[in-house]
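Architecture and fold: a report
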Amino acid sequence: MLEIRLFEEKVYELYGQNLVPGTIHLYAGEEAVAVGVCSNLRKDDYIVSTHRGHGHCIAKGARLDKTMAEILGKKTGYCKGKGGSMHIADFSIGMLGATAVVGAGIPIATGAGLSIKLRGTDQVAVCFFGDGASNQGTFHEAINLAAVWRLPVVFVCENNLYAMGTRQSQVMLIENVADRAQAYGIPGVIVDGNDVLAVYEAANDAVRRAREGKGPTLIECKTYRHKGHSRVDPATYRPKAEAAEWLKRDPIVKLKTHLLQTHTLSEGEIKNIEIEVTEAVDAAVKFAVESPYPAPEEALEDVYA
Ligand SMILES: Cc1ncc(C[n+]2csc(CCOP(=O)(O)OP(=O)(O)O)c2C)c(N)n1
Ligand SMILES: [Mg+2]
């Protein structure tokens, strides 16, 4: 979680230095979702991400340096610098891709689930998406098919209360996205998305069910993004008291407190983790900044297979 947090802080800094082409959507504040879920996955399991995907990549085992290089549009990035922040994919770790099209990843996860079933393996496909995406037609179609065919898919809704500047209550008359699971006859689970251990437990049950051939689960993680929707959005549409309340529930502080209180880790051990992670992120930034851009004549390479 700390790797993701410090990575995102660097992305924000580099964006301010005009080193990031396009836009960015930071995952800071939502780290417990990606980490709690992906800690249950094997390398050969699949995930499908969103426009807010850096944290999903890192949690699934992507390298920090190649991820940062891709975000900076460098040749050494996961997609040779031609995808950028919203198009990072690495099939070798089961990261099927981020997508800029809201809701588009949900049927891709169902497709991955169908592929697993047809090949007869015990892999699992996990789909991350937002509260906003849950109002797209793709959500309903893809979950219904996955339910009917009992596909090994875990649908993970990251409900951060907003879709850009639109509050969930303006576009949904229900409070819980998980309640929609009933309509497809699958379990719907609500979990504190800022509590990594709670997310881990919920995902553990869902992944086991999927591997055992019992079909999909919809998990709704209640969370909050620390920054605005994208770029330098100051998020003035969010009530100050609401933001302050959620900032107090920082998932990293929450876990740190738990680890100290249970004497799982000492202050010194936590400090060492912080130093180690800071160095790893700094090294990734150095690698990315110093890497070359792809040459103009490479523009059409890899476009057609
Ligand atoms: C099909 C589609 N419609 C609209 C947009 C513009 N758009 C980009 S992100 C976003 C909000 C998505 O909200 P949510 O699914 O809750 O994810 P979050 O950004 O909160 O993580 C919208 C409307 C888009 N990229 N694609
Ligand atoms: Mg949202």
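Notes on the structure in this doc start here. Everything numeric in this text was worked out from a predicted model, so none of it was measured.

Criteria and cut-off values
- Residues numbered from 1 in each chain as written.
- Chains lettered and ligands numbered in written order.
- Predicted model: local features only at pLDDT ≥ 70, side-chain atom pairs only at ≥ 80, totals over all residues.
- Heavy atoms only, no water.
- Pairing = 2+ DSSP bridges.
- Helix = DSSP H or I, 4+ residues; strand = E, 2+ residues; numbered from the N terminus.
- Axes fitted to C-alpha atoms, helices over the stretch in contact; angles between N-to-C directions.
- Contact = heavy atoms within 4.5 Å.
- Core = buried A, V, L, I, M, F, W, Y, C linked by side-chain atoms within 4.5 Å.
- Buried < 20%, exposed > 50% of the residue type's maximum accessible area, 1.4 Å probe, protein only.
- Near = heavy atom within 4 Å.
- Polar contact = N/O pair within 3.5 Å; in protein donor to acceptor, adjacent residues only side chain to side chain.
- Areas by Shrake-Rupley, 256 points an atom, 1.4 Å probe, with all protein chains shown as cover.
- Nonpolar A, V, L, I, M, F, W, Y, C, P; charged D, E, K, R; others polar.
- Patch = residues over 30% accessible without salt bridge, like charges linked within 9 Å, V, L, I, M, F, W, Y side chains within 5 Å.
- Salt bridge = Lys/Arg side-chain N within 4 Å of Asp/Glu carboxyl O.

The next subject is the sheet that holds strand β6 (residues 188-192). With parallel pairing, 5 strands are arranged side by side in an open sheet as β1-β2-β3-β7-β6. Only two strands of the sheet have a single partner each, and these edge strands are β1 (46-48) and β6. This sheet shows a mean twist of 20° between the axes of neighbouring strands, independent of strand direction. Relative to strand β3 (residues 153-159), strand β2 (residues 125-130) runs parallel, the two sharing 6 bridges. If you follow Val126 over to β3, its bridge partner there is Val154. Across the sheet, helix α2 (residues 31-38) is in contact with β1, β2, β3 and β7 (217-222); its angle to β2 comes to roughly 170°.

Glycine aside, a negative phi is what most residues show, and trans is what most peptide bonds show. The phi angle at Arg231 is positive, at roughly 40°, despite the residue not being glycine. Tracing the chain through its elements places Arg231 in the loop between β7 and α9 (240-248). Not every positive phi belongs to a glycine, and His263 is a case in point at roughly 55°. Checked against the element boundaries, His263 lands in the loop between α10 (251-261) and α11 (267-290).

If you look at the biggest cluster of nonpolar residues, it comprises 54 residues, and the most contacted ones within it are Met68, Val126, Phe128, Val154, Val156 and Ile219. In contact with Ile219, not counting residues within four places along its chain, are Val154, Phe155, Val156, Cys157, Val189, Val191, Ala202, Ala203 and Ala206. Val48, Ala146, Ala181 and Ile186 belong to the second largest nonpolar core, which has 21 residues in total.

This part is about the site of ligand 1. In the region of ligand 1, 15 residues are neighbours, and His51, Arg52, Ala100, Gly132 and Asn160 sit closest. Measuring from an oxygen atom of ligand 1, one finds a side-chain N or O atom of His51 at 2.7 Å. Between ligand 1 and Arg52 there is a distance of 2.8 Å, counted from an oxygen atom to a side-chain nitrogen or oxygen. Surface burial for ligand 1 is 74%, taken as the share of its 580 Å² of free accessible area covered by protein chains. For the shell around ligand 1, the per-class residue count stands at 7 nonpolar, 6 polar and 2 charged.

A few words on the pairing of β7. The element β7 is extensively covered by neighbouring structure, given that 6 of its 6 residues are classed as buried. The side-chain alternation of β7 yields two buried faces, one formed by Thr217, Ile219 and Cys221 and the other by Leu218, Glu220 and Lys222. Of the strand pairs in this sheet, β3 and β7 are connected by 6 bridges, and their pairing is parallel. Across the sheet, the residue bridging to Asn159 is Lys222, located in β7. Of the strand pairs in this sheet, β6 and β7 are connected by 5 bridges, and their pairing is parallel. In the sheet register, Asp192 faces β7, and the bridge partner there is Lys222.

Before going further, it helps to spend a moment on the side chain of Asn40. Of note, Asn40 is situated in the loop between α2 and β1. Note on Asn40: relative accessible area 11%, which makes it buried.

Before going further, it helps to spend a moment on a nonpolar patch on the surface. On the surface, Leu145, Val148 and Trp149 cluster together into a nonpolar patch covering about 270 Å² of accessible area. Looking at the secondary structure, you find Val148 in helix α6 (residues 137-148). Here Val148 falls in the exposed class, since its relative accessible area comes to 56%.

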